[in-house]
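# Reading the structure
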Amino acid sequence: MTIEDQVRAVAAEWDRVLIGNDAEQVGRFMTDDWVYVGPTGVVTRAEILEWIADGRLAHHSMRVVGGERVAVAGDAVVLTARKASTGSWEGASYAADEWISQVYVPTPAGWRCAFSQKTDVT
């Protein structure tokens, strides 16, 4: 299996685990210093895992729209894809259509995401 295929598989499994809303399981796909950058700025690993654990954030569905672009950059791999998802934030339902870029790095436990960034599709 190529590095690109390995990262695609990890990303697909992470999406599957996200809709299970188990913060401990979700955290296994992230490096300790993982960050997410979105419209309101930076969110840390600890913050998002707390939101999932306390039910503030829940994912209900997540799917890739079209294909994924995967590029090896030194020891890291950058995955970019369009993803559609549904869930709830603070009890209010949402539906999102976003472009996501993620940086995966090799760790002793396998490929882990170190950085995620999302942009709404317009």
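Presented here is an overview of the structure given in this document.

The rules we used
Residues numbered from 1 in each chain as written. Predicted model: local features only at pLDDT ≥ 70, side-chain atom pairs only at ≥ 80, totals over all residues. Heavy atoms only, no water. Helix = DSSP H or I, 4+ residues; strand = E, 2+ residues; numbered from the N terminus. Expected span 1.5 Å × (residues − 1). Buried < 20%, exposed > 50% of the residue type's maximum accessible area, 1.4 Å probe, protein only. Arc of directions from axis to C-beta. Pairing = 2+ DSSP bridges. Phe/Tyr/Trp six-rings, centres within 6.5 Å; stacked < 30°, edge-to-face > 60°.

### As for helix α1 (residues 3-18)
- Look at α1: 22 Å from first C-alpha to last across 16 residues, which is about the 22 Å you get at 1.5 Å a residue.
- Residues V7, V10, A11, W14, D15, V17 and L18 constitute the buried set of α1. Across the axial projection of α1, the buried residues extend over an arc of 165°, all falling on one side.

### Remarks on the pairing of strand β4 (residues 76-89)
- With 14 bridges joining them, strand β3 (residues 57-73) and β4 adopt antiparallel strand pairing. Its bridge partner being in β4, R63 is matched across the sheet by A84.
- Where β3 hands over to β4, the hairpin turn is made up of two residues, of which G74 adopts a positive phi near 65°.
- Bridging between β4 and strand β5 (residues 92-107) involves 13 bridges; their strand directions are antiparallel. Looking at β5, one finds that S88 is bridged to S93.
- Turn length for the β4-β5 hairpin, with the two strands adjacent in sequence and antiparallel, is two residues, and the turn residue E90 shows positive phi of about 50°.

### Comments concerning the packing of aromatic side chains
- All told, the structure shown has three aromatic pairs when counted by the stated rule.
- Ring centres of W14 and F29 lie 6.2 Å apart, and the angle between their planes is 5°; this geometry places the pair in the stacked category. Taken together, the residues span a long stretch of sequence, with W14 in helix α1 and F29 in the loop between α2 (23-27) and β1 (30-38) at a distance of 15 residues.
- Its relative accessible area of 4% is what places W14 among the buried residues.
- Classification of F29 by relative accessible area gives buried; the value is 12%.
- Here the aromatic rings of W14 and W34 are separated by 6.5 Å at their centres, their planes lie at 80°, and the arrangement is edge-to-face. Within this pair, whereas W14 is found in helix α1, its partner W34 is found in strand β1, the two being separated by 20 residues in sequence.

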